[in-house]
Amino acid sequence: MKKTKDASKLHPPIELSEALREEALRIINVSLEEARTQHPLDVPGIFSFDRPTLGQTVPIKLYRAVRLLAFRELLGSSLSAAMLNVAGRMVAQRMGIAGPVEVIKAFEDFGVGKGIIEEQTDERFVISLTECATCSGAPNIGEPLCHFEAGIMSAGLAAGLGSEFTVEETQCWGLGDKMCLWVAQRSDGQSKTPEDLEPLEMVAILAGKAATALDNVVTMREKNRLILEAYRELRETERMKKDLVDMIVHDMRTPLSAVISSMLTLAEMTESKLAPQEETVLQMAIQGAQTLLGMINDLLDVSKLESNKVTLHKTSVRVSEFLREAINQVKILASRKRLELHSHIQRGLPNVEIDRDRIVRTVVNLLSNAIRHTPPGGIVSVKARMSADRSAVEISVSDTGEGIPKEYLTRIFDKFVQVETKGSRKKLSTGLGLTFCKLAIEAHGGTISVESELGKGSTFTFTLPIQSS
């Protein structure tokens, strides 16, 4: 038989963090309140337990909780034994205790008592403990009480020696002895499976997992509450921003319309009287003001379409008519850039029920974008045909321009998205025109999409449901 009188010389002390001690205490306290409510224990007397030889150098608070659960055993609560055993295993695993020497050091650092390895072979260990904090002073009830220590021992030996050990407490205050003695016998070497666990031990493990799951649920609920509050605040901020923009835009449109009207009147009054440079400056001012007014109208229409406050004035219109109207509005722009403007309209297309002004504006927006971003000598084309399922007219606007970067394709129709090409670094959108197109088409029950390849061009395609018979 091998004996070790002073285990501290064989292994350095194990440093225990305060967080680890608190976690161990939390695990052990799982059934503490139940014990207090079910059994009239002398709680003050139990918590006044003192360790005169170890003093305040050990985590007494931890072992007061362990001692309380051990006293539950005196009252016949077999669940506390399983809880303590599982708690001991968890503490050993989280501390990384591995081997018999570290088990002894853990006992000392935890303030369990003074441990000695009485016997050590490949298959068997015998460990004694004096001044045991758990069972000292307990009456002889014919059963051992130190299940927490047994859990630490079984997990520590298994981790250090790579094999499971069956730990049995053969001496204890609960058995009428003045010291504790454990015999650890190597088992078959296999880790315990759920089938191997004692029913109460399984209940204790499941209780621990349930407590963890409950903590996670509480945490998730708190996170969800914070997210919901943030979402509400974001919606309120968005509403306030929208109201502010709407107010500013409304207030801007009236004076801007007056400015445009005045400049157009001035242009008529001074026709053939201004110098070429003066005429150019005046036309630039008129064009700039009209562009700004168009952006304001886009913003107002987008706001109305988003809130479903717009009323569509639908009439039955031939496809060729509204496409021709849109093409005529951009012919001059295409001519100035020396672009070819093609149209291909399938014969025999049925009429569509549309708000003509808004659909014409949608086509003009798409054509203007295509013309703006197609280099001189390029081609812009409009095509109209029946959809494959013959439920709608499919209209597409294509160009041979610079194309749209792939990362923008999924959000090209979002408000205020400005696309920048990698080559020219130019902005391809004010961020409102395409949003208006999408909302206007969807208000008619149609869909809109885009396909693009850098350096080869883009194709915007939208559908309009045909007039029902």
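Source: prediction; values computed, not measured. (Residues numbered from 1 in each chain as written. Predicted model: local features only at pLDDT ≥ 70, side-chain atom pairs only at ≥ 80, totals over all residues. Heavy atoms only, no water.)

Enquirer: I'd like a rundown of the packing of aromatic side chains, residues and numbers included.
Expert: With the rule as written, the count across this model stands at 3 aromatic pairs. Measuring from ring centre to ring centre gives 6.0 Å for Phe107 and Trp182, while their planes differ by 40°; the resulting arrangement is tilted. Of the two residues, Phe107 sits in helix H6 (residues 100–110) while Trp182 sits in strand S4 (residues 180–186), which places them 75 residues apart along the sequence. Plain terms: the ring middles of Phe125 and Phe165 are 5.8 Å apart, the flat faces sit at 65° to each other, and that makes the pair edge-to-face. Remark: Phe165 occurs in strand S3 (residues 165–171) and Phe125 occurs in strand S2 (residues 124–130); sequence separation between them is 40 residues. The burial state of Phe125 is the same as that of Phe165; both residues are buried. It is Arg361 that lies over the ring of Phe436; its NZ or CZ is 4.1 Å from the centre. (Phe/Tyr/Trp six-rings, centres within 6.5 Å; stacked < 30°, edge-to-face > 60°. Helix = DSSP H or I, 4+ residues; strand = E, 2+ residues; numbered from the N terminus. Buried < 20%, exposed > 50% of the residue type's maximum accessible area, 1.4 Å probe, protein only. Lys NZ or Arg CZ within 6 Å of the ring centre and 35° of its normal.)

Enquirer: Describe the pairing of S2, listing the residues and the values that go with them.
Expert: Burial analysis of S2 places 5 of its 7 residues in the buried class, the great majority of the element. Inspection of the sheet shows strand S1 (residues 114–120) paired to S2 by 6 bridges, in the antiparallel sense. Bridge assignment links Ile116 to a residue of S2, and that residue is Ser128. Count of turn residues in the S1/S2 antiparallel hairpin: 3 residues. Pairing of S2 with S4 involves 6 bridges; the strand directions are antiparallel. Note on S4: the bridge partner recorded for Arg124 is Gln185. (Pairing = 2+ DSSP bridges.)

Enquirer: Any details on the sheet that holds strand S10 (residues 448–453)? Residues and values, ideally.
Expert: As a general point, the strands of a sheet are linked pairwise by backbone hydrogen bonds and lie either parallel or antiparallel. In space, the 5 strands of this open sheet follow the order S6-S8-S9-S11-S10, with mixed pairing throughout. Pairing within the sheet leaves two strands with one partner each, and these edge strands are strand S6 (340–345) and S10. In this sheet, neighbouring strand axes are inclined to one another by 15° on average, regardless of whether the strands run parallel or antiparallel. Strand direction decides the pairing type here: strand S8 (residues 379–386) and strand S9 (residues 392–399), joined by 7 bridges, are antiparallel. From the neighbouring strand, Arg385 faces S9, where its bridge partner is Glu394. Sheet contacts for helix H10 (residues 319–336): S6, S8, S9 and strand S11 (457–465); angle to S6, the most-contacted strand, approximately 175°. (Axes fitted to C-alpha atoms, helices over the stretch in contact; angles between N-to-C directions. Contact = heavy atoms within 4.5 Å.)

Enquirer: How would you sum up the packing of helix H9 (residues 276–306) against helix H12 (residues 433–443)? Please name residues and give values.
Expert: Following both chains from N to C, one finds H9 and H12 inclined at 40°, their axes separated by 9 Å at the closest point. Of the two possible hands of crossing, H9 and H12 adopt the one that is left-handed. Across the interface between the two elements, Asp298, Asp301, Val302, Leu305 and Glu306 from H9 touch Gly433, Thr435, Phe436, Leu439, Ala440 and Ala443 from H12. (Left-handed = near helix turned anticlockwise from the far one by under 90°.)

Enquirer: Tell me about the side chain of Ser154, and please be specific about residues and values.
Expert: On the secondary structure map, Ser154 appears in helix H7 (residues 147–161). Of the residues examined, Ser154 reaches a relative accessible area of 9% and is grouped as buried. A polar side-chain atom of Ser154 sits 3.1 Å from the main-chain carbonyl oxygen of Gly151. Each residue touching Ser154, except ones within four places of it in the same chain, is listed here: Arg89, Phe165 and Val167. (Polar contact = N/O pair within 3.5 Å; in protein donor to acceptor, adjacent residues only side chain to side chain.)

Enquirer: Explain the sheet that holds S2 residue by residue, including any values.
Expert: One open sheet holds the 4 strands; their spatial order is S1-S2-S4-S3, and the pairing between them is antiparallel. Each edge of the open sheet is held by one strand with a lone partner, namely S1 and S3. On average, each strand axis in the sheet is tilted by 20° relative to the strand beside it, whichever way the strands run. Summarising the sheet, S3 and S4 pair through 6 bridges and their orientation is antiparallel. When the bridges of S4 are listed, Phe165 appears paired with Arg186. Its contacts with the sheet place H6 against S1 and S2, and it is angled at close to 160° to S1. Across the sheet, H7 lies against S2, S3 and S4, angled at about 145° from S3, the strand it touches most.

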